[in-house]
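Residue strings, one per chain:
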Amino acid sequence: MTAPPEQLTLAQARRVALDAQGLSRPRAERAGPATMRHLGQVVDRLGLLQIDSVNVVARAHLMPVFSRIGPYDPGLLDRASGRAPRRLVEYWGHEASFVPPETYRLLGWRQRAWREHAWGMATSVLHTHAHLVDEIRDLVAERGPVTAREVHAEYAAEHPRQRADWGWNWTVSKRVLELLFFTGELTSAGRNAAFERRYDLTSRVLPPAVLAAPEPADDDAVRALVEIGARAHGVGTVACFADYFRIKAAPARRAVAELVEDGVLRPVVVRGWERPTYLHRDARVPRSATGRALLSPFDPLVFERRRLEELFGTRYRIEIYTPAHLRVHGYYVLPFLLGDRIVARVDLKADRRAGVLLVQAAHAEPTGRAGESPGAVAEALAAELRLAASWLGLSDVAAGPAAGGDLLPALLTALATPSAAS
């Protein structure tokens, strides 16, 4: 007879998830600056870093590393993605992402199925400007790495930018570059100071050993990607694991079934989580969780919003695209993790000209730990904000001119107290 599945409480499942993400314990103390080895450990654990151009606090791919290892030189990521042998390359993982070169090869099935997955504004150039695809491919081969702005300069007279276009307002040359990026012919050789991709032939960017490896079969690649997501989650549902690399439900279900059969995953029951749930064989169930971290809106712990709500009781959305008068918590809001709970959320802005990390709003979460005072939450949050400001090269943390939120008074008191823990 088959043994009944292991049961986990919701609190245990939260601790599993935090441990898998490297957030269950305080950051390790270091004798010196963070190194490429420290960055590699974070990437190995998370599997990817989502990229986003919003730079209100710090760019999306930078924050998850800070959340886990504390202050570090962002130049480590520039070197990892911009110098040979590259440790990170760009592709569509969980949206635009940095992934290890080996993981890039696991996404070849998405490149081959570009007609199904690629942006319409990219694929449309095959119908409207097919001749440019070959021309721009040759131009990159001859001159790369090049930015979209540099390529556009070659075609601006023939194909000027259409300012009336809605959305991202991509030029024709940018659409071609993005098509070739999606199909895997081009990738990024790194980003310049303006955070523009420097497109080059993928064959010149990937390490030779990765290029020489056999092309994985589609099913094997999807199964490997689902396992990366499962290991990064520790515990979760098919939907959780599929979302990590944006894999469709049917192939994700097949992959999970095979991983269960192989003993990589095992079914568990999480009390209060009414969906089939699985535990990765490498997952640990810590007896407690004692870390703290500000979480970017693009942090892997908060990728899948339903999972976040079911595990932590936190209903969260990014309000960047919400009209200002309709925002509830603010423009760029970071959840604050303390122990095994998300206890607050804070709307931040780095005012680099003034050298200040501005708190636009601070709200306590109703799901915070029972009996924990706003003052204790505010003190821990103040310490984390000071640490973040220091990492960002800012000299102070202060309330913005129209700051609000129910936690703000306690936070301002904590920020005004020199003895607040750092």
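Residues numbered from 1 in each chain as written. Predicted model: local features only at pLDDT ≥ 70, side-chain atom pairs only at ≥ 80, totals over all residues. Heavy atoms only, no water.

As recorded in an unreviewed UniProt entry, the protein goes by Winged helix-turn-helix domain-containing protein and comes from Actinotalea fermentans.

Chemist: Hey, could you go over a negative patch on the surface for me, with residue numbers and the actual values?
Modeler: Negative charge collects at one region of the surface, where Glu135, Asp138, Glu142 and Glu158 lie side by side. Within the fold, glutamate 135 resides in helix α10 (residues 130-143). A residue is classified by how much of its surface remains accessible, and glutamate 135, at 36% relative accessible area, is partly exposed. (Patch = residues over 30% accessible without salt bridge, like charges linked within 9 Å, V, L, I, M, F, W, Y side chains within 5 Å. Areas by Shrake-Rupley, 256 points an atom, 1.4 Å probe, with all protein chains shown as cover. Salt bridge = Lys/Arg side-chain N within 4 Å of Asp/Glu carboxyl O. Lys, Arg positive; Asp, Glu negative; His and termini not counted. Charge placed at Lys NZ, Arg CZ, Asp CG, Glu CD. Helix = DSSP H or I, 4+ residues; strand = E, 2+ residues; numbered from the N terminus. Buried < 20%, exposed > 50% of the residue type's maximum accessible area, 1.4 Å probe, protein only.)

Chemist: Report on helix α1 (residues 10-20), specifying residues and quantitative values.
Modeler: Extensive coverage of α1 is indicated by the burial of 8 of its 11 residues. Turning to α1, its buried residues are Ala13, Arg14, Arg15, Val16, Ala17, Leu18, Asp19 and Ala20. Count one or two residues on from α1 and you reach glycine 22, which has phi positive near 75 degrees.

Chemist: Please give an account of the sheet that holds strand β3 (residues 89-93) that cites residues and values.
Modeler: Taken in spatial order, the 3 strands make up an open sheet running β2-β4-β3, and their pairing is antiparallel. Among the strands making up the open sheet, the edge pair consists of β2 (49-50) and β3. One ladder, built from 2 bridges, connects β2 with strand β4 (residues 95-99); its direction is antiparallel. What sits directly across from leucine 49, in β4, is phenylalanine 98. (Pairing = 2+ DSSP bridges.)

Chemist: Kindly report on the pattern of salt bridges, identifying the contributing residues and their values.
Modeler: Under the definition given, this model contains 27 salt bridges. As a salt-bridge pair, aspartate 299 and arginine 68 come within 2.9 Å of each other at their nearest N and O atoms. Highlighted residues: aspartate 299 in the loop between β10 (292-294) and α18 (305-312) and arginine 68 in helix α3 (residues 63-69), separated in sequence by 231 residues. You can call aspartate 299 buried: its relative accessible area is 0%. The shortest N-O distance in the salt bridge between arginine 315 and glutamate 309 comes to 2.9 Å. Residues participating in the shared-partner salt-bridge network are Glu90, Lys174, Glu178, Arg191 and Arg197.

Chemist: Account for the packing of α10 against helix α12 (residues 172-182), with residues named and values stated.
Modeler: Their axes nearest at 10 Å, the elements α10 and α12 cross at an angle of 75 degrees. For the element pair α10 / α12, the angle class is roughly perpendicular. Contact with α10, carried on its side by Leu132, Val133, Ile136, Arg137 and Val140, involves Val172, Ser173, Val176, Leu177, Leu179 and Leu180 of α12 and no other residues of that element. Its residues assigned to classes, the contact of α10 with α12 shows 9 nonpolar, 1 polar and 1 charged. (Axes fitted to C-alpha atoms, helices over the stretch in contact; angles between N-to-C directions. Parallel < 35°, antiparallel > 145°, perpendicular 65-115°, else oblique. Contact = heavy atoms within 4.5 Å. Nonpolar A, V, L, I, M, F, W, Y, C, P; charged D, E, K, R; others polar.)

Chemist: Explain helix α19 (residues 374-391) to me, using residue names and the numbers behind them.
Modeler: Because each turn of an α-helix spans 3.6 residues, side chains separated by three or four positions in sequence point in the same direction. Over its 18 residues, α19 runs 25 Å from end to end, which matches the ideal 26 Å to within 8%, given 1.5 Å per residue. Residues Val377, Ala378, Ala380, Leu381, Ala382, Ala383, Glu384, Leu385, Ala388, Ala389 and Trp391 constitute the buried set of α19. Glycine 393 occupies a position one or two residues after α19 and carries a positive phi of about 80 degrees. (Expected span 1.5 Å × (residues − 1).)

Chemist: Describe the packing of α10 against helix α11 (residues 148-155), and please don't skip the residues or the numbers.
Modeler: At a closest axis distance of 12 Å, the pairing of α10 and α11 adopts a crossing angle of 125 degrees. The angle between α10 and α11 places the two elements in the oblique class. For the crossing formed where α10 meets α11, the hand is right-handed. Residue-level inspection shows Leu132, Glu135, Ile136, Leu139 and Arg143 of α10 in contact with α11, the latter providing Val151, Glu154 and Tyr155. For the contact of α10 with α11, the per-class residue count stands at 5 nonpolar, no polar and 3 charged. (Left-handed = near helix turned anticlockwise from the far one by under 90°.)

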